[in-house]
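Given next are the chains, with one letter for each unit.
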Amino acid sequence: MTSLHVDRPASPANRILPLLGPAMVAGVAYLDPGNVASNMTAGATYGYLLVWVVVVANLAAWLIQYLSAKLGVVTGASLPELVGQRLTARWLRLAYWAQAEIVAMATDLAEVIGGAIALYLLFDIPLLLGGIITGTVSVLVLLVQSRRGAKPFERVVVTMMIVIVVGFTVGVFVEPPDPQQTLGGLVPRFEGTGSLLLAASIIGATVMPHAIYAHSALTRDRFGLVTAGAPRDLVLRATRVDVTVALGVAGTVNLAILLVAATSLQGVTGTDTLPGAHAAISDAMGPLVATLFAVGLLASGLASTSVGAYAGAEIMHGLLRVRIPLLTRRLITLIPALVVLAVGIDPTSALIVSQVVLSFGIPFALIPLVVLTAGPDVMGGSVNRRITTIVAAVVAAVLVILNVTLLGLLITGS
């Protein structure tokens, strides 16, 4: 556990700043290539229509990620570990692990494909080879975490996050969005099944199940079990700041991606794919902006696949109570993405579908999180306030209803 000297006089900033970091790592999950594809497609297809979805999803994500981080701080355990402890029947634990593993693989699919597309755009590297390179680099990043600890891992990921921010937001300054239409996009509405599908994709890419699982593990690895009282209060206060900064950055970048597409790509042929969007950005804003976009996409794929692999390893450990070698697990989870790249499935369409798959995994991560953080037997004196539990329950219910509605639309083809 990190040593906390709460009895030494120090400014609030000096006490909080050293404790920041876990949320920034978890926040990278909100900037993965699936987000890019979903938000870019939403803006290019529907203009400013789904601005409100991005904003609402990020507000919901703030509460969810804080609860996950809080769970790790108070219990010194991750969400998968705590769920695994309570699922005493082996078949239940295996079933829960299976759905969580599918979510982890869908996450990896988006991130590896995104990295492969970026390498193709930047260096004309074939997609399959680009996917292998992306997976290999993610292993190297994970080795930093396993051999050097949490803080060096955080520094590497945050550095890539800075690259992502620059790459995806520069277009907003080159071609500013229309303020009036942006404000109009805050009014909740849909235009047909296609917009609802994209809304679910945006939500699945924003409120990500693997980020919920990972954040509790990240705070556990950084702080351990934090003693109740002043030490825990300080860490929780720092955690709120950490989550606010991380989700503020992620939300701003996601909104910027949608606004760039709505402003410069709406109605442009070929923007339903990331290579097409890259070409359209180059035509509309110049090759420099397009290159920065591709660099941001590459950093997005590399950083987010590292965090996704970390979450997948934690899911397996917490639910199956086994650990397998990092390289072996990395090879297994790479297979779906490499198959998609090898057989020639449209990578951007695969990215969109992967985010919809993620949205169906949300209830399985979110409902246990709300229940556990509302339980005095788990959280002790740090149990959620009633209003927090109510709001979290409402968020969970809305997400479940949205997913059921989406499933019905997909089945009926409406």
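Above: the structure in question.
Values in this document were obtained by computation on a predicted structure and should not be read as measured data.

1. Considering the overall build of the chain
Line of reasoning, step 1. Each helix and strand in the chain was counted, giving 18 helices and zero strands.
Line of reasoning, step 2. Taken along the three principal axes of its C-alpha coordinates, the chain extends 60 × 50 × 45 Å.
Line of reasoning, step 3. Considering the chain as a whole, with its 414 residues, one finds that 58% of them fall into the buried category.
Line of reasoning, step 4. For the chain, the proportion of contacts with a sequence separation of at least 24, taken over those separated by at least 6, is 86%.
Line of reasoning, step 5. Within the structure as shown, the chain displays about 16,200 Å² of accessible surface, and the carbon and sulfur contribution to it stands at 69%.
Line of reasoning, step 6. The averaged location of the 19 negative side-chain charges in the chain is 16 Å from the averaged location of its 22 positive side-chain charges.

2. As for a nonpolar patch on the surface
Line of reasoning, step 1. Residues Ile387, Ile390, Val391, Val394 and Val398 make up a contiguous nonpolar surface patch of roughly 430 Å² in combined accessible area.
Line of reasoning, step 2. Position of valine 394 among the secondary structure elements: in helix α18 (residues 386-412).
Line of reasoning, step 3. Judged by its relative accessible area of 46%, valine 394 is partly exposed.

3. Remarks on the pattern of salt bridges
Line of reasoning, step 1. A full pass over the atoms with the stated rule returns four salt bridges.
Line of reasoning, step 2. Across the salt bridge formed by arginine 220 and glutamate 81, the nearest N and O atoms sit 3.2 Å from each other. Highlighted residues: arginine 220 in helix α11 (residues 209-223) and glutamate 81 in helix α5 (residues 79-86), separated in sequence by 139 residues. In terms of burial, arginine 220 and glutamate 81 fall into one category: buried.

What counts and what doesn't
- In every chain, residue numbers begin from 1 and rise along the written sequence.
- A pLDDT threshold of at least 70 governs which residues receive local features in this predicted model, and a stricter bar of 80 or more applies before side-chain atom pairs are shown or counted, although totals over entire chains, interfaces and linings include all residues.
- The basis for every side-chain value is the complete set of non-hydrogen atoms in the structure, without hydrogens or water.
- Numbering of helices and strands runs from the N terminus; a helix is a DSSP stretch of H or I covering at least four residues, while a strand is a stretch of E covering at least two.
- A simple rule labels every residue: compare its accessible area, found with a 1.4 Å probe on the protein chains alone, to the largest value its type can have, and call it buried under 20%, exposed over 50%, or partly exposed in between.
- Residues count as neighbours in contact if any of their non-hydrogen atoms are within 4.5 Å of one another.
- In these tables, accessible area is a Shrake-Rupley quantity obtained with a 1.4 Å probe, and a residue counts as shielded only by the protein chains included in the view.
- Charge counting treats Lys and Arg as positive and Asp and Glu as negative, with His and both chain ends excluded.
- Every charge is mapped onto a representative atom, which is NZ of Lys, CZ of Arg, CG of Asp or CD of Glu.
- Surface patches are drawn from residues lacking salt bridges whose relative accessible area is over 30%; two like charges belong together within 9 Å, two nonpolar side chains (Val, Leu, Ile, Met, Phe, Trp, Tyr) within 5 Å.
- A side-chain nitrogen of Lys or Arg and a carboxyl oxygen of Asp or Glu constitute a salt bridge if their distance falls within 4 Å.

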